[in-house]
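Residue-level structure breakdown
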Amino acid sequence: MKAQDNELVALFDGLDTPGVSDAMDRLGIPGQCLGIAPLDNYRGTVVGPAFTVKYVSCGQPAGTVGDFIDAVAAGDVIVIDNDGRTDCTVWGDIMTQYAGIRKIAATVIDGVCRDVAKALADSYPLFTRGRFMRTGKDRVEVAAVNEPVSVGTARVCARDIVVADANGVVVVPRARARDVAEAARRIEATESRIREQIVAGKTLGEARATLGYHTLQRKGI
């Protein structure tokens, strides 16, 4: 990753997708990737700049389905738009192995993957609509890389900041990364104070009312 990528990624250190999502709601920024989830209850949080890939139905002769990965930098999150298709996969065990060798941070797919045992064994973070065994070869092909794509209703542009964990995937527009991270930290600080107050004996209702919990994510407040 470039120095600016590292700087933006560092802004989200210690944050999770619920906090980032609340911050984006507060700022009126869409970016939650509906229907995209980890293969299992992933315990960490992945943050990285997006390397976007757009797939389309293949032509004649069929194009390639995975060679783009040679251009992905260490620390990037591969974001694949396969139009939500669940009838064929765009990711398998060879891709998982190569991504691990190249230290790619994770892969997000609006579609499905296969060879999940390899990804789970390697602890490689995959976020998808599910799993299916049928290959995408001769069914889909890469149409574009690092162009805007759609993933679970969210628009993703190259180098946007992707945050992914057990709750799902949120994409932060690169130009708003600092605003979102700052708002997320303010929200987390308030929620931390609520937790402290209930441990000290206040009711949840009292703590929430005192610290404005119900309007934390409300736009313009």
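Read on for an overview of the structure. Just so it is clear, the model here is predicted, and its values are computed rather than measured.

Quick notes on the overall build of the protein chain
Across its full length, the protein chain carries 6 helices and 11 strands. A compact globule built from 221 residues would reach a C-alpha radius of gyration of about 17 Å, and the protein chain, at 19 Å, matches this within 12%. Each principal axis of the C-alpha distribution contributes one length, and for the protein chain these read about 65 × 35 × 30 Å. Within the span of the protein chain, comprising 221 residues, buried residues form 42% of the whole. The long-range fraction of contacts in the protein chain, counting pairs at least 24 apart against all pairs at least 6 apart in sequence, stands at 74%. Of the charged side chains in the protein chain, 27 are positive and 28 negative, and the gap between their average positions amounts to 2 Å.

Observations concerning the pairing of strand β2 (residues 46–57)
Across the 12 residues of β2, 9 count as buried, placing the element largely inside the fold. As judged from the 4 bridges shared by β2 and strand β10 (residues 161–165), these two strands associate in the antiparallel manner. Of the residues in β10, the one forming a bridge with Gly48 is Val162. As paired strands, β2 and strand β3 (residues 77–89) are joined by 5 bridges and run parallel to one another. Residue Phe51 lies in a different strand from β3, and its bridge partner there is Ile78. Sheet topology places β2 next to strand β7 (residues 140–145); 5 bridges connect them, and they run antiparallel. Directly across from Val53, in β7, lies its bridge partner Val145.

Topic: the pattern of salt bridges
All told, the structure shown has 12 salt bridges when counted by the stated rule. Here Arg159 and Asp5 are joined by a salt bridge, their closest N and O atoms 2.8 Å apart. In this pair, Arg159 sits in the loop between β9 (154–156) and β10 while Asp5 sits in helix α1 (residues 3–10), placing the two residues 154 residues apart along the sequence. Across the salt bridge formed by Arg159 and Asp76, the nearest N and O atoms sit 3.0 Å from each other. With Arg159 in the loop between β9 and β10 and Asp76 in the loop between β2 and β3, this residue pair connects regions lying 83 residues apart in the sequence. With a relative accessible area of 22%, Arg159 lands in the partly exposed category.

Regarding the packing of aromatic side chains
Evaluation of the coordinates by the stated rule reveals 3 aromatic pairs. Plain terms: the ring middles of Phe51 and Phe68 are 6.4 Å apart, the flat faces sit at 20° to each other, and that makes the pair stacked. Here the residue Phe51 occupies a position in strand β2, and Phe68 occupies one in the loop between β2 and β3, the gap between them amounting to 17 residues. Across the pair, exposure class does not vary: Phe51 and Phe68 are buried alike. On the basis of an interplanar angle of 5° and a centroid distance of 6.0 Å, the ring pair of Trp91 and Tyr124 is categorised as stacked. In this pair, Trp91 is assigned in the loop between β3 and α3 (93–101) and Tyr124 in the loop between α4 (116–122) and β5 (126–128), connecting sequence segments 33 residues apart. Here the two residues Trp91 and Tyr124 agree in accessibility, since each one is buried.

Cut-off values and rules
Residues numbered from 1 in each chain as written. Predicted model: local features only at pLDDT ≥ 70, side-chain atom pairs only at ≥ 80, totals over all residues. Heavy atoms only, no water. Helix = DSSP H or I, 4+ residues; strand = E, 2+ residues; numbered from the N terminus. Rg over C-alpha atoms; globule rule 2.2 N^0.38 Å. Buried < 20%, exposed > 50% of the residue type's maximum accessible area, 1.4 Å probe, protein only. Contact = heavy atoms within 4.5 Å. Lys, Arg positive; Asp, Glu negative; His and termini not counted. Charge placed at Lys NZ, Arg CZ, Asp CG, Glu CD. Pairing = 2+ DSSP bridges. Salt bridge = Lys/Arg side-chain N within 4 Å of Asp/Glu carboxyl O. Phe/Tyr/Trp six-rings, centres within 6.5 Å; stacked < 30°, edge-to-face > 60°.

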